[in-house]
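# Observations on the three-dimensional arrangement
Chain residues, written in single-letter form:
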Amino acid sequence: MAQSSKKEGLSVYLYIPNIIGYIRVIMNFGGFALCYTNKPLFAFLYFFSFVCDGLDGYFARKFNQVSTFGAVLDMVTDRVSTACLLALLSQFYRPGMMFLALLALDITSHWLQMYSSFLSGKTSHKDVRDNSNWLLKAYYGYRPFMAFCCVACEVLYIILFLYADEKSPKLFDVARNIIMEASLVSLVFVLTLFGFAVKQVINVIQMKSAADSCVLYDTKRSN
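As annotated in an unreviewed UniProt entry, the chain carries the name CDP-diacylglycerol--inositol 3-phosphatidyltransferase and comes from Rhynchospora breviuscula. We quote the UniProt Catalytic activity (unreviewed entry) comment for the chain here in full: "a CDP-1,2-diacyl-sn-glycerol + myo-inositol = a 1,2-diacyl-sn-glycero-3-phospho-(1D-myo-inositol) + CMP + H(+)".

Turning our attention to helix H6 (residues 134-141). Looking only at H6, the buried set comprises Leu 135, Leu 136, Tyr 139 and Tyr 140. One side of H6 holds all its buried residues, which, seen down the axis, span an arc of 120°. What points out from H6, more than 90 degrees from its buried face, is the exposed set Trp 134 and Gly 141. Buried residues along H6 sit in contact with helix H5 (97-119), helix H7 (143-163) and helix H9 (184-222). Measuring from the side-chain oxygen of the N-cap residue of H6 to the backbone nitrogen of Leu 135 gives 3.0 Å; that N-cap residue is Asn 133.

A water-sized probe rolled over the atoms picks out the places where empty space is left. In this structure, the second largest pocket occupies an estimated 350 Å³ of space. What lines the second largest pocket is a set of 18 residues, and nearest its centre among them are Ser 120, Lys 122, Asp 130, Ser 209 and Ser 213. Within the residue set of the lining of the second largest pocket, elements represented by two or more residues are H5 and H9. The element contributing the most residues to the lining of the second largest pocket is H9, with 7 residues. Along the lines of polarity and charge, the residues of the lining of the second largest pocket split into 6 nonpolar, 7 polar and 5 charged.

Before going further, it helps to examine the UniProt feature "transmembrane region" (unreviewed entry) in the chain. UniProt's entry tags residues 12-34, 99-119, 140-163 and 178-198 with the feature "transmembrane region" (unreviewed entry), counted in the numbering of this structure. Span residues 99-119 is 100% helix and 0% strand, its end C-alpha atoms 30 Å apart. The annotated region residues 140-163 carries 96% helix and 0% strand content, and the separation between its end C-alpha atoms amounts to 32 Å.

Our next topic: a nonpolar patch on the surface. A surface patch of nonpolar side chains, about 610 Å² in accessible area, is lined by Leu 34, Leu 41, Phe 44, Phe 47, Phe 48, Val 51, Leu 55 and Val 151. The element that contributes the greatest number of residues to the nonpolar patch is helix H3 (residues 39-62), accounting for 6 residues. Tracing the backbone through its elements, the reader meets Leu 34 in the loop between helix H2 (16-33) and H3. By relative accessible area, which is 31% here, Leu 34 ends up partly exposed.

A separate point is the packing of aromatic side chains. Across all of its chains, the model carries 18 aromatic pairs by this definition. Seen in terms of ring centroids, Phe 44 and Phe 48 are 6.0 Å apart; in terms of plane orientation they differ by 10°. Their pairing is stacked. Pair noted here: Phe 44 and Phe 48 are both in helix H3, with a separation of 4 residues, about one helical turn. Take Phe 48: its relative accessible area is 38%, and that puts it in the partly exposed class. An aromatic cluster is present here, built from Phe 32, Tyr 36, Phe 42, Tyr 46, Phe 92 and Phe 161 joined pairwise through their rings. If you follow Lys 39 out to its NZ or CZ, it ends over the ring of Phe 161, 5.3 Å from the centre. We note Lys 62 situated over the ring of Phe 63; from NZ or CZ to the ring centre the distance is 5.9 Å.

Thresholds, definitions, all that
Residues numbered from 1 in each chain as written. Predicted model: local features only at pLDDT ≥ 70, side-chain atom pairs only at ≥ 80, totals over all residues. Heavy atoms only, no water. UniProt positions renumbered as here; feature names shortened; annotations may be inferred. Buried < 20%, exposed > 50% of the residue type's maximum accessible area, 1.4 Å probe, protein only. Helix = DSSP H or I, 4+ residues; strand = E, 2+ residues; numbered from the N terminus. Arc of directions from axis to C-beta. Contact = heavy atoms within 4.5 Å. Polar contact = N/O pair within 3.5 Å; in protein donor to acceptor, adjacent residues only side chain to side chain. 1 Å grid on protein atoms, 1.4 Å probe; cavity = no way out; pocket = protein on both sides within 12 Å on 5 of 7 lines; lining within 4 Å. Points joined across faces, edges and corners; volume = space filled by probe spheres on them. Nonpolar A, V, L, I, M, F, W, Y, C, P; charged D, E, K, R; others polar. Patch = residues over 30% accessible without salt bridge, like charges linked within 9 Å, V, L, I, M, F, W, Y side chains within 5 Å. Areas by Shrake-Rupley, 256 points an atom, 1.4 Å probe, with all protein chains shown as cover. Salt bridge = Lys/Arg side-chain N within 4 Å of Asp/Glu carboxyl O. Phe/Tyr/Trp six-rings, centres within 6.5 Å; stacked < 30°, edge-to-face > 60°. Lys NZ or Arg CZ within 6 Å of the ring centre and 35° of its normal.

This is how it looks when you write it as structure tokens:
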């Protein structure tokens, strides 16, 4: 029986989506190792890792290989890679505290959402059917909307990383210069700004909603 459980456990580790997750981790390690010496390669590896985030979900559903381990691996990889990039941007730009605040909001919001989902007995933090906020429901209920917001954030961070210049460390000056270029990058940058703003609003709503769920759990437990 124990040997059978070990084999089943090993098979979960070798699920196709989880293998993609391991590849994402390797790409992120490689990218951040080169971030100071080869910015374009870092941007490619980081963005390709982000694209693979969508692929692992597709393969998980296609081959019926959805797993709790895979969901945790996916979220941890997302949060750590984004946190590392935000930490980098905080070193390149002023005010750097803005990026650290975004980092704190991202981690806090998702951690509270995961924990409140666990307390509610849900199998996924994306299950917000009982939530009263329409924007949060739209975010998790309509995949293209969620994909747009997530891609917008990551692409915005990548553009800012590529345009980071030690001679001009002021964030708003660099952002204004990108927009004034009137190029394809400018258009993409403006579009990502909108998706980025919506994503941060959702993070705040999610954090407050998840905190309320935790408080409600405490209240019910004490009665």
